[in-house]
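In case you want the letters, here they are:
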Amino acid sequence: MPSNQTKVSKKIIGLTGGIGSGKSAVANMFAALGIELVDADIVAREVVAIGSPALAAIKQYFSEDFLNQDGSLNRSKLRERVFSQADDKLWLNNLLHPLIRSEILAQLHQASSPYVLLVAPLLFENKLNELCDHSVLVDVPVATQLQRTSTRDNCTVELVQNIIAAQMPRAQKQALADDTIDNSLALDHTKKQVTALHQKLLALT
Ligand SMILES: CC(C)(COP(=O)(O)OP(=O)(O)OC[C@H]1O[C@@H](n2cnc3c(N)ncnc32)[C@H](O)[C@@H]1O)[C@@H](O)C(=O)NCCC(=O)NCCS
Ligand SMILES: Nc1ncnc2c1ncn2[C@@H]1O[C@H](COP(=O)(O)OP(=O)(O)OP(=O)(O)O)[C@@H](O)[C@H]1O
């Protein structure tokens, strides 16, 4: 079996949470503790890099209007489109998700810290949790997701609502996760939870 299809032997901890829940903020705290990260959002950018077959397929399906002048993907234009047109989102997901999964596996194989964190907004939706030994949810109320994301991305609350509607509901993720980090308060409150969870995860390895 090719190495990118085999289960990874080191402990994989899945870190998930809806858009704007604070996955990147929490992941950076684990990185500061020496834990290596594989980030599905970064992988999703790598698989559509200039010159990639996936970018050529997107250009053919959506038209060259969805590329920037330098030939890179116009992400905000594609985001507006796929989160208002369900069939186009399905097409994009079908193209990208197998590529993202395969690249995630390749990167997980290369990690060497005591455990590795797989940061993925769609961990449960795309069954990436099956690659993991343990899952952690970064949890905030939906109102906080809406407020933080629309401020960060300077986009409308309606667009963020559409993206949230395309993700698994909060209660379902709470039920599936092995551990939860509450990121609704100040970051120092979050940091204390990360420090305690890191000790627990080290004990699992
Ligand atoms: C539509 C795209 C081009 C918009 O790019 P943009 O730079 O604006 O957003 P970015 O990639 O940083 O994603 C931001 C957040 O949107 C949410 N999101 C992204 N894609 C999806 C999706 N297909 N379904 C539900 N939520 C999604 C996630 O919470 C993610 O963290 C991009 O999100 C994309 O290529 N999505 C398809 C790939 C995918 O599913 N990525 C998620 C990682 S598995
Ligand atoms: N505890 C907090 N208090 C205040 N602001 C926060 C907190 N945690 C994160 N933020 C801010 O909220 C926004 C969303 O956080 P972050 O980018 O880490 O979320 P994310 O889950 O990685 O988002 P995405 O799913 O879009 O990739 C950012 O602007 C971040 O600086």
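Every chain is numbered independently, its residues counted from 1 as its sequence is written. Think of it this way: whatever chain is written first is A, whatever ligand is written first is 1, and the rest follow in order. Local features in this predicted model are restricted to residues of pLDDT 70 or higher, and side-chain atom pairs are both shown and tallied only at a pLDDT of 80 or more, whereas totals for entire chains, interfaces and linings draw on every residue. Side-chain metrics in this entry use all non-hydrogen atoms of the structure; hydrogen atoms and water are not considered.

1. Notes on the packing of helix α4 (residues 75-82) against helix α5 (residues 86-110)
Next, step 1: Note on method: axes are straight lines fitted to C-alpha atoms, helices fitted across the in-contact stretch only, with angles between N-to-C directions ranging 0 to 180 degrees. Secondary structure elements follow DSSP: runs of H or I no shorter than four residues count as helices, runs of E no shorter than two count as strands, and numbering proceeds from the N terminus. Packing of α4 against α5 brings their axes to within 7 Å, and their N-to-C directions diverge by 125°. Relative to α5, α4 is oriented oblique. Where α4 abuts α5, its residues Leu78, Arg81 and Val82 lie against Asp88, Lys89 and Leu92.
Next, step 2: Gly is placed with the polar residues, together with every amino acid not listed as nonpolar (Ala, Val, Leu, Ile, Met, Phe, Trp, Tyr, Cys and Pro) or charged (Asp, Glu, Lys and Arg). Looking at the contact of α4 with α5 residue by residue, the class counts come to 3 nonpolar, no polar and 3 charged. Between 65 and 115 degrees an angle is taken as roughly perpendicular, under 35 as roughly parallel, over 145 as roughly antiparallel, and anywhere else as oblique. We call two residues contacting when some pair of their heavy atoms lies within 4.5 Å.

2. A short note on the confidence of the model for the protein
Next, step 1: Every residue is assigned a pLDDT by the predictor, reflecting its confidence on a scale from 0 to 100. Chain-level statistics for the protein give a pLDDT mean of 94 and a share of 96% at 70 or above.
Next, step 2: Confidence drops under a pLDDT of 50 for residues 1-5, and excluding neighbours within four residues, the segment shows 6 contacts in the predicted structure.
Next, step 3: Quick note on the complex model: pTM equals 0.95, ipTM equals 0.97.

3. Quick word on the site of ligand 2
Next, step 1: Neighbouring ligand 2 are 15 residues; Lys23, Ser24, Arg152, Asn183 and Leu185 lie closest to it.
Next, step 2: Interatomic distance of 2.7 Å between a side-chain N/O atom of lysine 23 and an oxygen atom of ligand 2.
Next, step 3: Between arginine 152 and ligand 2, the recorded distance is 2.7 Å, taken from a side-chain N or O atom to an oxygen atom.
Next, step 4: Surface burial for ligand 2 is 74%, taken as the share of its 630 Å² of free accessible area covered by protein chains.
Next, step 5: Put simply, the parts of the chain that give the shell around ligand 2 at least two residues each are α1 (23-32) and α6 (142-153).
Next, step 6: It is α1 that provides the largest number of residues to the shell around ligand 2, a total of 3 residues.
Next, step 7: Residues of the shell around ligand 2, tallied by class, amount to 5 nonpolar, 6 polar and 4 charged. We define proximity as follows: a residue is near a molecule or strand when any one of its heavy atoms falls within 4 Å of that partner. In protein, a polar contact requires one atom able to donate a hydrogen and another able to accept it; more generally it is a pair of N or O atoms within 3.5 Å, and residues adjacent in sequence count only if both atoms are side-chain atoms. Accessible areas in this description were obtained via Shrake-Rupley with a 1.4 Å probe; residue shielding takes into account the shown protein chains only.

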